[in-house]
Amino acid sequence: MSTLTHSPAWNALHDHRTILSGHHLRDLFEQDEDRFDKFSLLFNDILIDYSKQPINSESMTLLMTLARQQGLEEWIRKMFRGERVNNTENRAALHVALRGEGPFHLDGVDITPSVKRVLMQMDSYTQAIRSGELKGYSGSRFTDVVNIGIGGSDLGPSMVIDALKPYTSSHIVTHFVSNIDGTNLIETLKSLNPETTLFIISSKTFTTQETMTNARSAREWFIAHGGREKDIAKHFIAVSSNREEVEKFGIDPSNMFEFWDWVGGRYSLWSAIGLPIAIAIGMENFYQLLDGASRMDHHFKSTPLEKNLPVILALIGIWQINFCGATTHAVLPYDQSLHRLPAYLQQIEMESNGKTADRDGRSVDYSTGVVLWGEPGTNGQHAFYQLLHQGNQIISSDFLAPCQSQNPIGNHHTLLMANFFAQTESLMKGRTESEVRDELVSQGMSSDALEKLLPHKIFSGNRASNSILFKRLDPQTLGSLLAMYEHKVFVQSVIWNVNPFDQWGVELGKKLAGSILSELKGDSHVTRYDSSSNGLINHFKKNC
Ligand code: F6P
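One numbering rule holds for all chains: residues counted from 1, following each sequence as written. Totals for whole chains, interfaces and linings use every residue, but because this is a predicted model, local features are given only for residues with pLDDT of at least 70 and side-chain atom pairs only at 80 or more, for both listing and counting. Just so you know, side-chain values use all the structure's heavy atoms and leave hydrogens and water out.

A.B. asks: Would you explain the nonpolar core in this entry?
C.D. replies: Note on soluble globular proteins: their nonpolar side chains tend to be buried together. Residues grouped as a nonpolar core are buried Ala, Val, Leu, Ile, Met, Phe, Trp, Tyr and Cys residues, joined through side-chain atoms within 4.5 Å. To sort residues, take the accessible area from a 1.4 Å probe on protein chains only and compare it with the maximum for the residue type: under 20% means buried, over 50% means exposed, and anything in between is partly exposed. One finds Met 122, Trp 262 and Ile 468 to be the most contacted residues of the largest nonpolar core, which totals 118 residues. Note on definitions: a residue-residue contact is assigned when non-hydrogen atoms from the two residues lie within 4.5 Å. When residues no more than four places from it in sequence are discounted, the contact partners of Trp 262 are Ala 92, Ala 93, Leu 94, His 95, Ala 97, Leu 98, Leu 106, Ile 111 and Val 115. Among the nonpolar cores identified, the runner-up in size contains 22 residues, and Leu 189, Phe 199, Met 212 and Ile 251 belong to it.

Have a look at this one:
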């Protein structure tokens, strides 16, 4: 047994769960009229309601005790102090320095001036592109930006640009190519004119197979469609922490935007990786995004755990995953603009905390991370909510919605919000046998038919959710929300004693793909893998 699952705070939570599991959420609300006031928090324009969670005041006290037992307050200080909290890579995790006033120290040196220098570089480049001062090789202004990157070098920027569409320039369209599947690149390039297209090659390492393959093919396309070698400097820029590889690729280092090894890929949208965002929404709005995140950083760093949004969300998640048996977590934005939020959060949560070894290399005997998924409401209601309401798995969820729509039209937003409130209410309350019986009787159903239908119309309820309401989806609010989720993941990593800033689990597949690649090229019959992989590879070779 691990120290964690053996610890007094963990055991106290287990015992508490046994007692509390006999209480339906409905009862908890009936017993306490002030439940919403007790279990909700307001941060600027963001309201978090966690009262529809199977908790009472004692649960929160015990969760706070667990957080303190795991040294959360000191871990938060360590991260902000620039200590090497990414122990397996011997790196700091200072993404907060990308958006804060500073000073932020790394090995005794304030890194804020470097951050400001790159922001200034982004600022003048962004203005030059948006104003048309910087032009393509034929003298026309840029109309399209293609970001080539994957994972953290893609998900954040593409999600943010979709989320902030009303703030984007109408002169410039941003495209994202991430998949090594040629379809992604080819379909994107089909409508583009090389004379007016700017390629941003975004890769922290500048060695990622998908990105480098797409970047080379984009360069070939550019040359094949009228661009000359000497025009590449104008049309290809790089965002990376690896100057040497950028030069090897043939991009002039003066066209490179730097970031640093203390910025994890999935925490990098605030760095120069955010350049496509800045070009799309303008630097002023990009600063607002940073400011929103910085406000959340300040809240996270300086607010007592009991009133601290990321801490509360994280501990509720721990409660769900480790004590209530939740197997997956649904992120359900009632905002079409946030349709890529679940995909973005998948990387933040699953790549960060999906670990089996703790910080000291010992195997854990508790769940870490969570399978995160989701779709915007109300679409999801017509697809998978059936299982949320009547399936027999425990699924926790975050419902998010803006009070004001980015695109008001008729009564659409009121209808959307009516659905938002109805879903969390019905998940919580359910429908009892007597309520269903009364309804069927009032419909005049015969007793035989009624008894047959009855079990199918009962909803057990008692299904937990968090509701996250914000005034409107603007750059500052979005920045705060994203930083909130980043810190939530950090808090959970502290409770689980795992390093959330490495991702060794993605290495094995990459290595094996390299070895299989060489075998896909020749005619020889492959025999060196298991019979399944041999069979599949040989079938592919016969049919490709
Ligand atoms: O999937 C692994 C990973 O290293 C992610 O953590 C990262 O965001 C992505 O690949 C892309 O890496 P890079 O920015 O170095 O191309």
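Further notes follow.
A.B. asks: Help me understand the environment of Arg 463, please; the structure alone is not making it clear to me.
C.D. replies: Position of Arg 463 relative to the elements: it lies in the loop between α20 (447-457) and β13 (466-470). Placed 33 residues apart in sequence, Arg 463 and Gly 430 show a C-alpha to C-alpha distance of 8.3 Å. Beyond its immediate stretch of four places on either side in the chain, Arg 463 contacts Leu 25, Lys 52, Leu 387, Leu 388, His 389, Gln 390, Gly 391, Leu 427 and Met 428. Think of a polar contact as two N or O atoms within 3.5 Å of one another; within protein, one of them needs to be a possible hydrogen donor and the other a possible acceptor, and neighboring residues in sequence only count if both atoms come from side chains. Separated by 2.9 Å, the side chain of Arg 463 and the backbone oxygen of Leu 388 make a polar contact. Numbering of helices and strands runs from the N terminus, with a helix taken as a DSSP run of H or I at least four residues long and a strand as a DSSP run of E at least two residues long.

A.B. asks: When you look at the site of the ligand in this model, what are you seeing that I'm missing?
C.D. replies: In the region of the ligand, 13 residues are neighbours, and Gly 152, Ser 153, Ser 203, Thr 205 and Thr 208 sit closest. A distance of 2.7 Å is found between an oxygen atom of the ligand and a side-chain nitrogen or oxygen belonging to Ser 153. Here Thr 208 contributes a side-chain N or O atom positioned 2.5 Å from an oxygen atom of the ligand. All accessibility values rest on the Shrake-Rupley procedure with a 1.4 Å probe; residue burial counts only the protein chains present in the view. In the complex, 87% of the free accessible area of the ligand, which totals 390 Å², lies under the protein chains. Polar here means any residue outside two lists: the nonpolar Ala, Val, Leu, Ile, Met, Phe, Trp, Tyr, Cys and Pro, and the charged Asp, Glu, Lys and Arg; Gly therefore counts as polar. Partitioned by chemical class, the residues of the shell around the ligand number 2 nonpolar, 8 polar and 3 charged. Near, as used in this document, describes a residue that has one of its heavy atoms within 4 Å of the molecule or strand being considered.

A.B. asks: What am I meant to see in the packing of aromatic side chains here?
C.D. replies: Aromatic ring pairs: the centre-centre distance and the angle between the two ring planes describe each pair. Between 30 and 60 degrees the pair is tilted, below 30 it is stacked and above 60 it is edge-to-face, where a pair is any two Phe, Tyr or Trp rings, Trp via its six-membered ring, whose centres lie within 6.5 Å. Applying the stated criterion across every chain yields a total of 21 aromatic pairs. When the centroid spacing of 5.8 Å and the interplanar angle of 50° are considered together, the rings of Trp 10 and Tyr 366 count as tilted. Of the two residues, Trp 10 is situated in helix α2 (residues 8-20) and Tyr 366 in the loop between α16 (341-353) and β11 (371-373); the sequence distance between them amounts to 356 residues. Trp 10 gets classed as buried once you look at its relative accessible area, which sits at 3%.

A.B. asks: Any chance you could explain the side chain of Thr 196 here in plain terms?
C.D. replies: Positionally, Thr 196 belongs in the loop between α9 (182-189) and β7 (197-202). The exposure class assigned to Thr 196 is buried, which follows from its relative accessible area of 10%. In contact with Thr 196, other than residues within four places in its own chain, are Ser 140, Arg 141, Phe 142, Thr 143, Asp 144 and His 235.

A.B. asks: Which parts of the structure should I look at to understand the packing of α16 against helix α21 (residues 475-496)?
C.D. replies: Packed helices, taken two at a time, are described by the angle their axes make and the gap between the axes. Structural elements are reduced to axes, namely lines fitted to C-alpha atoms, with helices fitted over the stretch in contact, and the angle between N-to-C directions of any two is expressed from 0 to 180 degrees. Across the interface, α16 lies against α21 with an axial gap of 10 Å and an inter-helix angle of 25°. On the basis of their axis angle, the class for α16 and α21 is roughly parallel. Note that α16 runs across α21; the crossing there is right-handed. Only Leu 482, Tyr 485, Glu 486, Lys 488, Val 489, Gln 492, Ser 493 and Trp 496 of α21 make contact with α16, whose side of the interface consists of Leu 341, Tyr 344, Leu 345, Ile 348, Glu 349, Ser 352 and Asn 353. Counted by class, the contact of α16 with α21 contains 8 nonpolar, 4 polar and 3 charged residues. Should an angle fall under 35 degrees it is called roughly parallel, over 145 degrees roughly antiparallel, and 65 to 115 degrees roughly perpendicular, with every other angle called oblique. In this scheme the crossing of two helices becomes right-handed for a clockwise turn of the near helix relative to the far one and left-handed for an anticlockwise turn of less than a right angle.

A.B. asks: Can you walk me through the pattern of salt bridges in this structure?
C.D. replies: Salt bridges are defined by distance alone: a side-chain nitrogen of Lys or Arg within 4 Å of a carboxyl oxygen of Asp or Glu. Here the structure, examined in full by the defined rule, presents 30 salt bridges. Measuring nitrogen to oxygen at the nearest pair gives 2.6 Å for the salt bridge that ties Asp 32 to Lys 38. With relative accessibility at 41%, the residue Lys 38 sits in the partly exposed group. Of the charged contacts, one joins Glu 245 and Lys 248 as a salt bridge, the two residues approaching to 3.0 Å between their closest N and O atoms.

A.B. asks: What's the story with the pairing of strand β1 (residues 40-43) in this structure? I'm lost.
C.D. replies: Two faces, one strand: in a regular strand the side chains alternate between the faces of the sheet. Whether two strands pair depends on DSSP finding at least two bridges between them. Of the pairings in the sheet, the one linking β1 to strand β2 (residues 46-49) comprises 4 bridges and is antiparallel in character. The partner of Leu 41 across the bridge, within β2, is Ile 48.

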